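Each chain is listed here by its residues.
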Amino acid sequence: MALLPILCYPDPRLHTVAKPVQNVDARVRALAQDMLETMYDANGIGLAATQVDAHERLIVIDVSEERNQPLVLINPEVIWASPQKKLNEEGCLSVPGIYDGVERAESVKVRALDAEGASREIAAEGVLAVCIQHEMDHLLGKVFVEYLSPLKRNRIKTKMIKARRDAERV
Ligand code: NI
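Here goes a summary of the coordinates provided.

About the cut-offs
- Residues numbered from 1 in each chain as written.
- Predicted model: local features only at pLDDT ≥ 70, side-chain atom pairs only at ≥ 80, totals over all residues.
- Heavy atoms only, no water.
- Helix = DSSP H or I, 4+ residues; strand = E, 2+ residues; numbered from the N terminus.
- Expected span 1.5 Å × (residues − 1).
- Buried < 20%, exposed > 50% of the residue type's maximum accessible area, 1.4 Å probe, protein only.
- Phe/Tyr/Trp six-rings, centres within 6.5 Å; stacked < 30°, edge-to-face > 60°.
- Lys NZ or Arg CZ within 6 Å of the ring centre and 35° of its normal.
- Donors = N, O, S within 2.8 Å, 3.2 Å for Na, K, Ca; no water.
- Core = buried A, V, L, I, M, F, W, Y, C linked by side-chain atoms within 4.5 Å.
- Contact = heavy atoms within 4.5 Å.

### Quick look at helix α2 (residues 126-139)
1) Next: Relative to the 20 Å expected for 14 residues at 1.5 Å per residue, α2 spans 21 Å between its end C-alpha atoms, a close match to the ideal helical length.
2) Next: Those residues of α2 that fall on the buried side of the exposure criterion are L128, A129, V130, C131, I132, Q133, H134, E135, M136, D137, H138 and L139.
3) Next: Count one or two residues on from α2 and you reach G141, which has phi positive near 85°.

The following block contains the structure:
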């Protein structure tokens, strides 16, 4: 197990499109475990492989309060999305300190492989539905701030670059 460095927006690697996982093997399971450890350590509810610079279709999620219900979704596909949309406040471990509203489907059904390579279908609503859609966007190279206005996005970009520069100066 290991903590992995998380890429920070506007790192261009966050815009990489992830490739499907070919085999759910020991390497993939180890990556999923490291991602879970990294996510829990950072107090996040979800993490996509893209964010740790591994460009494979793999996400980990835990939206439980007790932080004891890890979900590993490999090669996830949305097979149904509700026409009803909902505006939710989102944040992202790759954009620390920034929270803003994004409109997404209120509920979704997703098919994915689990850490054992078995196909599962998950019906998600509420925070889980938001989180799955947010993490799946990462696999397509999309960060949630791209839903915001160009003005807001540029402000966030400037803030992130400045924060990075200040951190390096210390
Ligand atoms: Ni994120």
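### Some words on the packing of aromatic side chains
1) Next: Here the structure, examined in full by the defined rule, presents zero aromatic pairs.
2) Next: In this structure, K109 is placed above the aromatic ring of W80, and the distance from its NZ or CZ to the ring centre is 5.5 Å.
3) Next: Against the face of Y147 rests K142, its NZ or CZ located 4.0 Å from the ring centre.

### Observations regarding the coordination of the nickel ion
1) Next: Surrounding the nickel ion are the protein donor atoms C92 (SG), H134 (NE2) and H138 (NE2), at 2.1 to 2.2 Å.
2) Next: Read in sequence order, the donor residues coordinating the nickel ion give the pattern C-x41-H-x3-H. Of this pair, C92 sits in the loop between β4 (85-90) and β5 (100-105) while H134 sits in helix α2, placing them 42 residues apart in sequence.
3) Next: Given a relative accessible area of 10%, C92 falls into the buried group.
4) Next: Judged by its relative accessible area of 6%, H134 is buried.

### Some remarks on the nonpolar core
1) Next: Within the largest apolar cluster, 18 residues are counted, with the highest numbers of intra-cluster contacts made by I59, I61, A124, L128 and I132.
2) Next: When residues of this core are traced back to their parent elements, those giving at least two are β2 (58-61), β3 (71-81), β6 (107-113), β7 (119-125) and α2.
3) Next: For this core, the element with the highest residue contribution is α2, accounting for six residues.
4) Next: Those residues in contact with I59, other than ones at most four positions away along the chain, are M35, L47, A48, L71, V72, L73, P76, I132, E135, M136 and L139.
5) Next: Of all hydrophobic cores here, the second largest spans 16 residues; its members include V21, V28, M35 and V60.

### Some points on the environment of E103
1) Next: For E103, the position within the fold is in strand β5.
2) Next: Sequence spacing of E103 and Q84 is 19 residues, and the spatial spacing of their C-alpha atoms is 10.0 Å.

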